[in-house]
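Here's the letter readout for the chains.
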Amino acid sequence: MENKNDLILEVDHLTVNYELEDETVEAVRDVSFQLGRGKTLGLVGETGAGKTTTALSILNLIPDPPGVIKGGTIKLDGDNVLDKTIKEMSRIRGKEVSMIFQDPMTSLNPVFTVGDQIAEAIMIHEKLDKKAAFEKAQEMLQIVGIPGERAAEYPHQFSGGMKQRVVIAIALACNPQLLIADEPTTALDVTIQAQVLDLMKELKKKYGMAMILITHDLGIIAETCDDVAVMYAGKIIERGSLEEVFNTARHPYTEGLFNSLPNIAERKERLKPIPGLMPDPTKLPKGCAFAPRCPYAKPSCIDVMPEERHFGGTHYCSCNAYDDESFHLEREDIVL
Amino acid sequence: MSDILLEVKNLKKYFKTPKGMLHAVDDVSFTIERGKTLGIVGESGCGKSTTGRCIMRLIEPTSGQVIFDGVDLASLSGRQMRKARKDIQIIFQDPFSSLDPRQTVLQAIAEPIIQNKLIKGTAAIEKRVLELMETVGLAERLINSYPHELDGGRRQRIGIARALSVQPKLIICDEPVSALDVSIQAQILNLLEDLQEKLGLTYIFITHDLSVVNHFSDDIAVMYLGKMVEKAPAEELFAHPTHPYTKALLSAIPVPDLRYKQDRILLKGEIASPVNPPDQCRFRKRCYMSCDQCKGKEPSLVEMTPNHFVACHLCQIG
């Protein structure tokens, strides 16, 4: 068991719904996970799995209405953020926790210079005057690999990769302990993505930040993360260290994800997609949400909520197939 | 009869901008054999989509020839071109914006059939639409649904059904799966593969995702700033990437397999401006191997080993 002081984030039984007029979307269902200081957790899943909602809850930024945090606690450095007042929260955001969003084109304000936008974050949290804050903003730009003189330029004068660097500079300006990056490179080209990921890894090491990286790209997870949590229909269905999940995947959905990917290393003749679609989040089955698409499902899976099965270390998955002790997935474990 | 379905010769597309001529596609040539797939890869702004659109003359090429099934498309009149487009169809990237939100599935798929006067009579058209829906794996009950009721994968299936409705010979797939989730992506890729086998289709597969292209293509062309910098059979390209840009591009793909470790080539800087490019290698400023030789004239595409073409001074010296 990890020492409590080593944990920057503890999420316990978090449940978030979006309550619409005539239906309720169960976006996050009883999610619990922990994150150690300086560690990187990869949150993987497809559109609608609840990754972004989980991340927004940590900042207490769920759009309300229609979003309602139904229950659970989110302890950031030991304090539950869900109990904080609005004022307290605004001191935490940007200072303790920062977030980077997917689209750098829309997360910057087009009518302010990038220097002003970085300085804004600094002035909110640190007792610096405008001039000093702007100077620090220039330093931050240099840290992310943009010449300091460009602080006086506007977002449209930068390319996509550069804008994402500016966003990173804003996020890191006050040395947060936790950085949440929501698909930070999805809008970028591969060679630029490689640059930005490299930069993030380097800065994470330099500042000893913890990071939650939200992505649908298992390749990015493989290169950046220490731990992995796989989400499906609002639940974490498998969690473990990078090696555990990638080499010895245990949940049928995780297996399905790996099989759907065209692999560069092995040119397979045919992909094995997961049949069907993600269930409607307003009408989730009583039991396992993946059961309708699962090749191993038994009739009972639809009705019985799966339990967590532990496989040593931090590795667990939620799947009832393991009731049968001889059960194992078709995908073979990878022995390094 | 030759096996070559499409031959593109010295295709150029320049756009006039206030700053000068933007060379979107600059002297690109290639051929595709019937029933094969050519992958065109590159990053945003490299001209891959413009190339696709110029072939169909959705954008008028500045110069060059597009010879499709023995006919030079560039010489056709508007009316003749409309007829020719029956043989060449395109599937777009974003199934959210490429469908008319006010058309039902039936109307959307029937539209090209009616436009081209392929079948007459409401009942016969509906029968054909149902056939097409079955071909692309859309359930019959969705026939009166609107696009907003459907997810991305299903919308992309409508796009494919529309393209198939006129029985084309060539389909240009412009990033057909990049807006989709991985599990759905694999479904669509398999569908496209099955259709090719069943209907003998020829594909041009435009994408930025090298792993998708590798899985799918017979030949791959890599583009950079309007130029084709390397072209080879897929396996050869992945086994022996030769152009420094191709190497960097391949090394930049994150691989979801912990056994697969490789040295990443990080490129400096960003893609240069395509406006009035100098007569030099366009990759030179970002190239980690460039030397004095590269300041000379723009390198041309040279066949290094059989069927493997590279445009790079250094590689050509050996």
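Preceding this section is the structure that the text describes.
Thresholds, definitions, all that
- Residues numbered from 1 in each chain as written.
- Chains lettered and ligands numbered in written order.
- Predicted model: local features only at pLDDT ≥ 70, side-chain atom pairs only at ≥ 80, totals over all residues.
- Contact = placed C-beta atoms within 7 Å.
- Helix = DSSP H or I, 4+ residues; strand = E, 2+ residues; numbered from the N terminus.
- Nonpolar A, V, L, I, M, F, W, Y, C, P; charged D, E, K, R; others polar.
- Pairing = 2+ DSSP bridges.
- Axes fitted to C-alpha atoms, helices over the stretch in contact; angles between N-to-C directions.

1. Digging into the interface of chain B and chain A
Moving on, step 1. Contacts between the two partners involve 31 residues from chain B and, on the opposite side, 39 residues from chain A.
Moving on, step 2. Of all elements in the fold, only helix H6 (182-199), helix H7 (210-216) and helix H9 (244-251) of chain B reach the threshold of two or more residues within the side of chain B that touches chain A.
Moving on, step 3. If you tally residues by element for the side of chain B that touches chain A, the top one is H6 of chain B, at 7 residues.
Moving on, step 4. Broken down by class, the residue content of the side of chain B that touches chain A amounts to 15 nonpolar, 9 polar and 7 charged.

2. Examining unusual backbone geometry
Moving on, step 1. Residues aspartate 64 of chain A and proline 65 of chain A are joined by a peptide bond in cis, for which omega reads -10 degrees.
Moving on, step 2. Residue placement: proline 65 of chain A occurs in the loop between helix H1 (51-58) and strand E4 (67-76).
Moving on, step 3. Along the chain, proline 65 of chain A connects to proline 66 of chain A via a cis peptide bond; the corresponding omega equals 5 degrees.
Moving on, step 4. Note that proline 66 of chain A resides in the loop between H1 and E4.
Moving on, step 5. The phi torsion at histidine 13 of chain A lies on the positive side, around 50 degrees, for a residue other than glycine.
Moving on, step 6. As for its placement among the helices and strands, histidine 13 of chain A is situated in strand E1 (residues 7-19).
Moving on, step 7. With a phi angle near 50 degrees, leucine 225 of chain B is a residue other than glycine that sits in the positive phi range.
Moving on, step 8. Structurally, leucine 225 of chain B is set in the loop between strand E9 (219-224) and strand E10 (227-233).

3. Quick notes on the sheet that holds strand E2 (residues 24-36) of chain A
Residue and element names in this part refer to chain A.
Moving on, step 1. Ordered by their spatial adjacency, 4 strands build an open sheet running E2-E1-E4-E5, and the pairing between neighbours is antiparallel. Only two strands of the sheet have a single neighbouring strand rather than two, namely E2 and strand E5 (79-80).
Moving on, step 2. Here E4 pairs with E5 via 2 bridges, running antiparallel. Looking at the pairing, lysine 75 lines up with asparagine 80 of E5.

4. Regarding the sheet that holds strand E11 (residues 302-305) of chain B
Sheet strands pair via backbone hydrogen bonds, and the direction of the pair is either parallel or antiparallel.
All names here are of chain B.
Moving on, step 1. The strand order across the open sheet built from 8 strands is E6-E7-E8-E3-E9-E10-E12-E11, with neighbouring strands paired in mixed fashion. At either margin of the open sheet sits one strand with a lone partner, and together these are strand E6 (88-91) and E11. Looking at each pair of strands side by side, their axes are set apart by 20 degrees on average, direction ignored.
Moving on, step 2. The pairing of strand E7 (residues 170-174) with strand E8 (residues 202-207) spans 5 bridges and is parallel. Note that in E8 the partner of cysteine 173 across the bridge is phenylalanine 205.
Moving on, step 3. In this fold helix H1 (residues 48-56) packs onto strand E3 (37-41), E6, E7, E8 and E9, with an angle of close to 155 degrees to the strand it touches most, E7.
Moving on, step 4. Across the sheet, H9 is in contact with E9 and E10; its angle to E9 comes to roughly 105 degrees.

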